[in-house]
Amino acid sequence: GGEHFSFTSLNLDEGESVTTLTRVNVSNISFSVDTVSITDSQVQTYIVSTSNGRLFSLNVTSASGKYQLSARLFGRPQSSLSLVRLLPTLWSSQAVQPESGNINAVTIASSAQDATVRTLWVLIDLRLQQWSMSTEGWEELQSDEDVSGPIRDSLRASFTLAPRDDAELDLELLDLKLER
C-alpha cells in the first residue's frame, strides 16, 4: 500500500539540480538509568548538494516504527527572541558567507562515534569549503578558500611541460577524498 512513504520538497530554484547525495552516520546519545540501557532511535542523515552551491540536511527518523523525512537548508538556527538577532552587530563576528557555484563533491571527515560536531568538506568549482555540522541540528561555514592557485603551482612544479597560462591549463576539480 501507499501509506508507507514520506514526501518532502527541497524547493530548488529554477534550473538548480541536485549534484550529490552523501550519507552521514549520526547516532543519538545512549544513556543508562538505574542500570537499564535506553537508546534513542538512530537518525539517518544525508547531505544533498546542488548546482547553485546550496547544501541541505535530509533526515530520516523512526518513531514507533513509522519513518519521517525532513529537509532543511544548511545554517545556524536563530531564535526569534535572541539578543544576538536583535542586536547582531554587538555580539556576532563576521561570519564566512558561502559563494554560489556547482558543488562537485561532499565528504565527511571521520570522527569519534560520540562526537557532537563533524567536519564536512565541500568542493565547489575551484573552491574548498569546510563546514561544522552539529548533531544538535545546525551547521556553520568555517572557511571558503580558492584552492586553484596552489594546485596549479604544484602541477607546474611537477610537470615542466604544463602550460604557464591558467586558461590553457584548464583546471577542473571533480572529486574530493580525505585520507585518515
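Nothing here was measured: the structure is a model prediction, and the numbers come from that model. (Residues numbered from 1 in each chain as written. Predicted model: local features only at pLDDT ≥ 70, side-chain atom pairs only at ≥ 80, totals over all residues. Heavy atoms only, no water.)

A look at the packing of aromatic side chains
At step 1: Tallied over the full model, the rule gives one aromatic pair.
At step 2: When the ring of phenylalanine 74 is compared with that of tryptophan 131, the centres are 5.2 Å apart and the planes differ by 75 degrees; the resulting orientation is edge-to-face. Within this pair, whereas phenylalanine 74 is found in the loop between β6 (66-73) and α1 (83-86), its partner tryptophan 131 is found in strand β9 (residues 127-134), the two being separated by 57 residues in sequence. For the pair phenylalanine 74 and tryptophan 131, one class covers both residues: buried. (Phe/Tyr/Trp six-rings, centres within 6.5 Å; stacked < 30°, edge-to-face > 60°. Helix = DSSP H or I, 4+ residues; strand = E, 2+ residues; numbered from the N terminus. Buried < 20%, exposed > 50% of the residue type's maximum accessible area, 1.4 Å probe, protein only.)

Section: the confidence of the model for the chain
At step 1: Per-residue confidence for the chain gives a mean pLDDT of 80, with 75% of residues at or over 70.
At step 2: Every residue in residues 27-40 scores below 50 in pLDDT, and together they form 13 contacts with partners more than four places removed in sequence or on other chains.
At step 3: Long-range and interchain partners of residues 82-94, a stretch whose pLDDT sits below 50, account for six contacts in this model, where long-range means more than four residues apart. (pLDDT = per-residue confidence, 0-100. Contact = heavy atoms within 4.5 Å.)

Regarding the nonpolar core
At step 1: Listed in full, the twelve residues of the largest apolar core are Val24, Ile47, Leu55, Phe74, Ile103, Val106, Leu120, Val122, Ile124, Trp131, Met133 and Leu141.
At step 2: Listing elements by their share of this core, those giving two or more residues are β7 (103-108), β8 (117-124) and β9.
At step 3: A per-element tally of this core places β8 first, with three residues. (Core = buried A, V, L, I, M, F, W, Y, C linked by side-chain atoms within 4.5 Å.)

Re unusual backbone geometry
At step 1: Within the chain, aspartate 125 stands out as a residue other than glycine whose phi angle is a positive 50 degrees.
At step 2: Relative to the assigned elements, aspartate 125 resides in the loop between β8 and β9.
At step 3: Given a relative accessible area of 33%, aspartate 125 falls into the partly exposed group.
At step 4: Notably, aspartate 170 is not glycine yet its phi reads approximately 50 degrees, a positive angle.

Quick word on the sheet that holds β7
At step 1: Here we have four strands laid out as an open sheet, ordered β7-β8-β9-β10, and antiparallel in their pairing. Edge positions in the sheet fall to β7 and β10 (139-146), since each of these pairs with one other strand and no more. Taken over all neighbouring pairs, the strand axes of this sheet differ in orientation by 20 degrees on average, direction set aside.
At step 2: Here β9 pairs with β10 via seven bridges, running antiparallel. Bridging from a neighbouring strand, serine 132 pairs with glutamate 140 of β10. (Pairing = 2+ DSSP bridges. Axes fitted to C-alpha atoms, helices over the stretch in contact; angles between N-to-C directions.)

Digging into the pairing of β6
At step 1: As paired strands, strand β5 (residues 55-63) and β6 are joined by eight bridges and run antiparallel to one another. Looking across to β6, one finds that serine 62 is bridged to tyrosine 67.

Observations concerning the pattern of salt bridges
At step 1: Applying the stated criterion across every chain, the model contains five salt bridges.
At step 2: Taking the shortest distance from any N to any O, the salt bridge between glutamate 139 and arginine 72 comes out at 2.7 Å. You can see glutamate 139 sitting in strand β10 and its partner arginine 72 sitting in strand β6, a full 67 residues away along the chain.
At step 3: The residue arginine 127 makes a salt bridge to aspartate 144 at a minimum N-O spacing of 2.9 Å. Taken together, the positions of arginine 127 in strand β9 and aspartate 144 in strand β10 put the pair 17 residues apart, joining distant regions of the chain.
At step 4: Judged by its relative accessible area of 15%, aspartate 144 falls in the buried class.
At step 5: Among the ionic contacts, a cluster of salt bridges with common partners joins Arg152, Arg156 and Asp166. (Salt bridge = Lys/Arg side-chain N within 4 Å of Asp/Glu carboxyl O.)

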